[in-house]
Amino acid sequence: MATLTMAEAVHYSAQLKLPDSMSPADKRSRTDDAIRQMVAVAGTRAERQRQRVVWSMDQQVQGHAAMLAIGTANPTGIVPQDEFADNFFRVTKSDHLTELKEKLKRICQKTGIEKRHFHLTQESLGAHPELFDREMPSLSTRIDMVATATPMLAQSAATKAIAEWGRPVADITHLVFSTYSAWQAPSADLQLASLLGLRPTVCRTMLSLHGCSGGARALHLAKELAENNHGARVLVACSEMTLVGIRSPNESNLVGHALFSDGAGAVIVGAGPLGEGERPLFDMVSATQTTIPGTEHALGMQVSGAGVNIHVGIQVPMLIGHNIEQCLIDAFNNAPCCSSWNDLFWAVHPGGRRILDSIDTVFKLEPGKLGASRHVLREYGNMSAATIVFVLDELRKRRRRGDDDGDNLLPEWGVMLAFGPGVTIEAMVLRCPQGPSLKKN
Ligand SMILES: CC(C)(COP(=O)(O)OP(=O)(O)OC[C@H]1O[C@@H](n2cnc3c(N)ncnc32)[C@H](O)[C@@H]1OP(=O)(O)O)[C@@H](O)C(=O)NCCC(=O)NCCSC(=O)CC(=O)O
């Protein structure tokens, strides 16, 4: 760029508000420097914009998958979090363990949860004392008690997703079902297929014991299935029942009992040309799964005659905090979609309040960026694999409210994160299609 003339310098320096005491030559030199910097920044922005457009066109050519509809469901039974400890110690006949009960109350207060949904009532639990007696086997009782309820709750969520999608159930080509609550073969996936009337050739996959990362794993798998099978429409269903893990309280299981709850989520995923009435809610751009080495003892589930024992190590929030940024950098794989983590929308599995706090800290997120995750944690607790579907649903509801005001509240680009045994981190880059086609969502 040519150096400024004095007339130009006078014009621009007036905008820079340089002090009158400065000599004309200094003003000219200072103004020249400022304009060079502006041009350099504008050049970088323009280059980033160009990269974004080229990259986005490449992605369209590759035809990545999109979430086309979402449904969620919960059992009708609700327990307020501030009543949980009293209820739980009463039903397990553990009221004499006063210190343990006080500790559970302390933990419950810090969870960020206000209420949770449960399939089973105090009465139905009371009818099965073997669930709370360590000396008695209870696995088969637990299996029987959830065998029908798990696919039925999934059916409620899937029915909503299918209604929103608007196409016949016969158009579903694949089913991916994730749960820690089904222990038979054929399993909850086949029961769900029958309940919904899916075609006999639907390709079913059952994901067991992926824990809280199971929903994101199922979505990641659905993305790959949709992108590699022309015309495929994949139903993802996650349904979780805490009954398989509920047991008498001890020091090591209090946190799990304070967090987990029952719920189901379903998503229809497809790629390629959209059919009539289909609208993408979230484009599923790229995804990664990362296992943090040497952490297999930090988080896990063990099945025994007494049911499923869920272990939640105290170090989990710290482990996620130390490893999460690199996972996101890998997932974005140089996609030129943001210059700051705050440019994104965030769909994070709310495994516990401290995990969300840790993510806020690591990424220096603005207040409210994890609002959808905190809302789901507060209203429903940790529904393991199903939780991430609730977070996605809450995000698209927030976007819809924005659309109603004529203002889109969600940024174009976002990220989905979920955590499970391993310790495993599932990450997916999402893109929220912009524009008038979304107004009817
Ligand atoms: C449990 C909390 C709400 C407690 O809140 P705070 O940490 O702010 O409170 P605090 O430090 O005063 O802790 C309260 C009491 O709980 C104890 N405590 C905290 N975490 C514990 C843990 N994991 N195991 C056993 N005890 C624990 C503390 O020692 C303390 O005991 P005392 O009072 O005696 O001093 C939080 O730590 C949290 O959100 N942790 C993350 C939970 C988590 O890892 N979730 C992932 C779930 S698994 C998942 O999502 C994936 C999957 O299952 O696959």
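A brief structural summary. (Residues numbered from 1 in each chain as written. Predicted model: local features only at pLDDT ≥ 70, side-chain atom pairs only at ≥ 80, totals over all residues. Heavy atoms only, no water.)

### Some remarks on the site of the ligand
For step 1, the next point in the chain: Around the ligand sit 26 residues, and of these Arg106, Lys110, Cys212, Val312 and Arg354 come closest.
For step 2, the next point in the chain: The separation between an oxygen atom of the ligand and a polar side-chain atom of Lys103 is 3.5 Å.
For step 3, the next point in the chain: Contact between the ligand and Arg354: an oxygen atom at 2.5 Å from a side-chain N or O atom of the residue.
For step 4, the next point in the chain: Here the ligand has 1,000 Å² of accessible area as a free molecule, and 81% of this is covered by the chains.
For step 5, the next point in the chain: With respect to the detected pockets, the ligand is housed in the largest pocket.
For step 6, the next point in the chain: Counting residues per element, the shell around the ligand draws most heavily on helix H4 (residues 98-110), at 4 residues.
For step 7, the next point in the chain: Counted by class, the shell around the ligand contains 13 nonpolar, 8 polar and 5 charged residues. (Near = heavy atom within 4 Å. Polar contact = N/O pair within 3.5 Å; in protein donor to acceptor, adjacent residues only side chain to side chain. Areas by Shrake-Rupley, 256 points an atom, 1.4 Å probe, with all protein chains shown as cover. 1 Å grid on protein atoms, 1.4 Å probe; cavity = no way out; pocket = protein on both sides within 12 Å on 5 of 7 lines; lining within 4 Å. Sits in = over half its atoms within 2 Å of the grid points. Helix = DSSP H or I, 4+ residues; strand = E, 2+ residues; numbered from the N terminus. Nonpolar A, V, L, I, M, F, W, Y, C, P; charged D, E, K, R; others polar.)

### Considering the packing of helix H12 (residues 353-363) against helix H13 (residues 371-380)
For step 1, the next point in the chain: Where H12 meets H13, the axes come as close as 11 Å, and the angle between the chain directions of the two elements is 170°. Classified by the interaxial angle, the pair formed by H12 and H13 is roughly antiparallel. Along the contact surface, H12 presents Arg353, Leu356, Asp357 and Asp360, while H13 presents Ser373, Arg374 and Leu377.
For step 2, the next point in the chain: Residues of the contact of H12 with H13, tallied by class, amount to 2 nonpolar, 1 polar and 4 charged. (Axes fitted to C-alpha atoms, helices over the stretch in contact; angles between N-to-C directions. Parallel < 35°, antiparallel > 145°, perpendicular 65-115°, else oblique. Contact = heavy atoms within 4.5 Å.)

### Re the pairing of strand S13 (residues 424-431)
For step 1, the next point in the chain: Within S13, 8 of the 8 residues are buried, which leaves it mostly tucked inside the rest of the structure.
For step 2, the next point in the chain: Two elements, strand S8 (residues 282-291) and S13, share 8 bridges in a ladder whose sense is antiparallel. Each residue of the ladder has a partner; that of Thr288, found in S13, is Ala427. (Buried < 20%, exposed > 50% of the residue type's maximum accessible area, 1.4 Å probe, protein only. Pairing = 2+ DSSP bridges.)

### Some thoughts on the pairing of strand S7 (residues 263-270)
For step 1, the next point in the chain: Most of S7 is tucked away: 8 of the 8 residues are buried.
For step 2, the next point in the chain: Going residue by residue along S7, you find Gly263, Gly265, Val267 and Val269 tucked away on one face and Ala264, Ala266, Ile268 and Gly270 tucked away on the opposite face as well.
For step 3, the next point in the chain: The sheet contact formed by strand S1 (residues 66-73) and S7 spans 7 bridges and is antiparallel. Looking across to S7, one finds that Ala66 is bridged to Gly270.
For step 4, the next point in the chain: As paired strands, strand S6 (residues 233-240) and S7 are joined by 8 bridges and run antiparallel to one another. Residue pairing for S7: Leu235 is matched across the bridge by Ile268.

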